[in-house]
Structure formats: structure tokens, C-alpha cells
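The primary structure of each chain is shown beneath.
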Amino acid sequence: MNNKPVFDYPLFAMGFRAFFALAGLSALALIALWNSMSSGSLHIDNYFSGSTWHAHEMLLGYTTAVIAGFLLTAVRNWTGLQTVTPDQLASLCFLWIYGRVLPFYSELLPDVLIGAVDFVFLPALAYFISKPILKTANYRNLVFIALLLLLALGNGLIHAQVLGFMADSAALGLILVVTVIVAMILVIAGRVFPFFTERGLSGVICIRNPALDIAAVVVSLAVFALLMLNISGALLAIAAVAAIVINIVRVAAWYNPRIWFVPLLWVLYVGYGWLILGFGLVSLAAFGLVPQSLALHAFTVGGIGILTLGMMARVALGHTGRALKTSNVMALAFVLINLAALFRVLFPAILPAWYGGLVMVSTYCWLAAFSLFAFYYAPILTTSRLDGQAG
């Protein structure tokens, strides 16, 4: 009897391959669509309202694809057990794709079906990741199961408003989703930044401080908790400044000036810097000095966008048997995505009258960065490892 998987292709050999490919393509398609929709040149009936669709898709579409690719791969390394078979991975990918496509068929399909298909992806991902973690008693990593389920809760709050089950729950859901993603980044950063730095810079030893790692996550979560409770003023500003200080001290323990000669490293540190800047903008927004939306985009376009691109670039090279050395193409992509954040966050704060034009430049920089990623990484993600090993 032939038990060969139906999807026995390199693309479905490991989670990072398929989901990083989907993430790269969605980063292009979703922003191109949003640009056309927000400018009025394209109108498509949608299950979501326009701005809610944009926020939902970038956080629970693009970003969850990166998270899925990373965790399916990392949990396999942490436990030594396979997280998904090629067929199961393909099924998860199709489920994710349906979640992106079905909202555009709201006139043909029941809203409950559209919401359910999108919602079930995160619990399904948590299920596949939990199996090897529980089987090996790898309880330290149960935190990621909890974070995935909290992401699902945030997604559920968004759908609850769209479906009319709750009033005004979508905004809370979106803030919760951003909170969980930032928390996940902070947890992962404590594990991979020192490791990547030591691997990328010979002779460097990074200082690890578990207590500081916990403090950085707790204080950062406190800031987002205040935002979810609509508490502003001095209390929010003090919490944000505390998050700035603790996260700077944390990163300083890993930092080495030689990272600036290694694009795969500096892109991660700069991405973390955008998260810290986000807390700085929160402290200013607490007194009405800048719009809170600028802080939000510092966390999303800056922190999440730059760090996910940098992580995909680094993980894909390492897990396909390639040298951990980025090309000039990807170095340019890293510069472009930082420019996208600058034109979306900092320049509008300085030149608010030019907001529309600055956002358009940011859009083009984002599209250029991910076009380079898609072009350069397509053959890496879709072909077998160079060293002949599985994966």
C-alpha cells in the first residue's frame, strides 16, 4: 500500500516553507488591495468593513502565517517530534487561504460560515503544536499554546461584532491581538536574539537575564492592558516609560556594535527598536501630543513588519542548509521596510499635512521590500535543502 503523502514536495516539507511563502505573497496582495480600496479605485463587497479588514488581515492573516511557519518549525526542533505531516501542513495552508478569500464572497456565503472558517485556523494550529509539546512534557513551551488561544480570542471578538453577537468588540479584539503578538515577539526575542548574535559574531557571548526577560514582558503587557481599558494620562505614560527603560536594558545585554556589519542581525535589533519607539509614542499619545494611531503603526509596520521579515530571512536560510549570510537584495529589502515604517510613523508625526503622500510612499516601500523577499526566497522555500538533509 502506498502511504506517500499527496503533498510530497519541498514546499510542504516543513512549516516555515509553506507559511513563509504565503506570508510573503500576502504581504504584497493584502497591501496592494488595501491601497486600491482606501483610495477608492477599487470597491469589493466584504464581510469586514474596510479598515477592520485591513487590520484583521495584516495581523490575523499575514502575521499569523509567519507565526505558524515559525512555531511549526521551532516546536519540531524543541521536541524532536514532527509537528505536522506534509498533508496536514497543506490542509492548514488551505484553511488559512480560505480565511483570506471567503470574506470577498459575503453576498454568496453565510456570514457565520465565513467567520467560522477564519476563526478555526488558530485553534487548529494550537492543536498541532500542542501534541509534541505535551508528548515530550516540554511544558516550558506551553506559553505559545496559551498565546495562540489568546489570539483566537481576539479574533473571536472581531467576528462577534461583525456577526452582531456583540457591540463594539472589534476594537478590543484588535488591541488584544496586537498585545499578544508583541508578547510573543518579546518571548521569542529572549530565546533567539542572544543565540543568533553569538552564532553571527564569533567570540561574542551575550548576557542572559531571565528575570529581566520576564520583567520586559510584564511591563509591556501592562501598557497594553491600560490601552485596552482606555486609561490614559500620567499612569499610561509612566508605564510606557518603564517599558522603554526595561526593554532598552534588556537589549543592551545582547547588543554588540559588530551587528551593524551583519544585516541578518541588525534588522532584528532595529525591529526591536521600533517596538521601543512604539512605547515612546504611547507615552506622548497619553497626553495627546501625537495620535495614538502612530504608536499603533510603530508596533505593527515597524516592530512586527520588520521583525517578521528579518526572522523569515534568517530562519529560511538556516533550515535549508544555506550559509547564514544575506544577499545585497535582502539587505536592500531590510532598508526598504524600515523606510516604510519611517514614512508611516515618524514623518507623519513631524509633517501631518503631508500624511496622504507619506502613507503612499510607505506603501510603495513595503511592496518593494516584500517583492524582493518573494523574488529571492521563492527558490529557497520551494527546493530541497542544499545539504541533502530532510526539511
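Residues numbered from 1 in each chain as written. Predicted model: local features only at pLDDT ≥ 70, side-chain atom pairs only at ≥ 80, totals over all residues. Heavy atoms only, no water.

> Give a detailed account of the packing of aromatic side chains, specifying residues and quantitative values.
Scanning the entire structure with this criterion turns up 24 aromatic pairs. Between the aromatic rings of Tyr127 and Phe128, the centroid separation amounts to 5.3 Å while the plane-to-plane angle is 65°, which identifies the pairing as edge-to-face. Taken together, Tyr62, Trp366, Phe370, Phe373, Tyr376 and Tyr377 form an aromatic cluster joined through their ring pairs. Sitting over the ring of Trp78, Arg191 keeps its end group 5.0 Å from the ring centre. (Phe/Tyr/Trp six-rings, centres within 6.5 Å; stacked < 30°, edge-to-face > 60°. Lys NZ or Arg CZ within 6 Å of the ring centre and 35° of its normal.)

> Tell me what's going on with the packing of helix H1 (residues 15–39) against helix H2 (residues 50–79), and back it up with residues and numbers.
Two elements in contact, H1 and H2, have axes separated by 8 Å at closest approach and are oriented at 165°. Taken together, H1 and H2 sit at an angle that is classed as roughly antiparallel. Our pair here, H1 against H2, has a crossing hand that is left-handed. Split by residue class, the contact of H1 with H2 holds 18 nonpolar, 7 polar and 1 charged. (Axes fitted to C-alpha atoms, helices over the stretch in contact; angles between N-to-C directions. Helix = DSSP H or I, 4+ residues; strand = E, 2+ residues; numbered from the N terminus. Parallel < 35°, antiparallel > 145°, perpendicular 65-115°, else oblique. Left-handed = near helix turned anticlockwise from the far one by under 90°. Nonpolar A, V, L, I, M, F, W, Y, C, P; charged D, E, K, R; others polar.)

> Summarise the pattern of salt bridges; cite the residues concerned and give the values.
Considering all chains together, one arrives at 4 salt bridges under this definition. Where Arg100 meets Glu57, a salt bridge forms, and the shortest distance between an N and an O atom there is 2.5 Å. Linking Arg100 in helix H3 (residues 86–101) with Glu57 in helix H2, this pair joins segments that are 43 residues apart in sequence. By relative accessible area, Arg100 is classed as buried at 9%. Residues Asp118 and Arg100 are paired through a salt bridge, measuring 2.6 Å at the closest nitrogen-oxygen approach. Taken together, the residues Asp118 in helix H4 (residues 111–119) and Arg100 in helix H3 connect sequence positions 18 residues apart. When its relative accessible area of 7% is taken as the criterion, Asp118 is described as buried. (Salt bridge = Lys/Arg side-chain N within 4 Å of Asp/Glu carboxyl O. Buried < 20%, exposed > 50% of the residue type's maximum accessible area, 1.4 Å probe, protein only.)

> Account for the nonpolar core, with residues named and values stated.
In this structure, Phe19, Leu148, Trp366 and Phe370 are the most contacted members of the largest nonpolar core, which totals 144 residues. It is helix H7 (residues 170–200) that provides the largest number of residues to this core, a total of 18 residues. Counting contributing residues per domain, this core is built from domain 1 (10–167) and domain 2 (201–382), each supplying no fewer than three. Phe19 has contacts with Ala65, Ala68, Gly69, Leu72, Leu89, Leu92, Cys93, Trp96 and Phe121, leaving out every residue within four places of it along the chain. (Core = buried A, V, L, I, M, F, W, Y, C linked by side-chain atoms within 4.5 Å. Domains from an automatic or database assignment. Contact = heavy atoms within 4.5 Å.)

> Could you give an account of the packing of helix H5 (residues 121–135) against helix H6 (residues 142–162), with specific residues and numbers?
At their nearest, the axes of H5 and H6 sit 9 Å apart, and the two run at 170° to each other. Relative to H6, H5 is oriented roughly antiparallel. For the pair H5 and H6, the contacting residues are Leu122, Pro123, Leu125, Ala126, Ile129, Ser130, Ile133 and Leu134 in the first and Leu142, Ile145, Leu148, Leu149, Leu151 and Ala152 in the second. When its residues are assigned to classes, the contact of H5 with H6 shows 13 nonpolar, 1 polar and no charged.

> So what's going on with the side chain of Thr73? Which residues, and what values?
With respect to the secondary-structure elements, Thr73 resides in helix H2. The exposure class assigned to Thr73 is buried, which follows from its relative accessible area of 1%. A distance of 3.0 Å separates a polar atom in the side chain of Thr73 from the backbone nitrogen of Phe16. Of note is the side chain of Thr73, whose polar atom sits 2.8 Å from the backbone oxygen of Gly69. Not counting residues within four places of it along the chain, the set of residues in contact with Thr73 comprises Met14, Gly15, Phe16 and His319. (Polar contact = N/O pair within 3.5 Å; in protein donor to acceptor, adjacent residues only side chain to side chain.)

> How would you sum up H2? Please name residues and give values.
Residues spaced three or four apart along an α-helix face the same direction, because each turn holds 3.6 residues. The terminal C-alpha atoms of H2 lie 41 Å apart, and with 30 residues this matches the ideal 44 Å at 1.5 Å per residue to within 8%. For H2, the tally of buried residues reaches 23 of 30 residues, placing the bulk of the element in the interior. (Expected span 1.5 Å × (residues − 1).)

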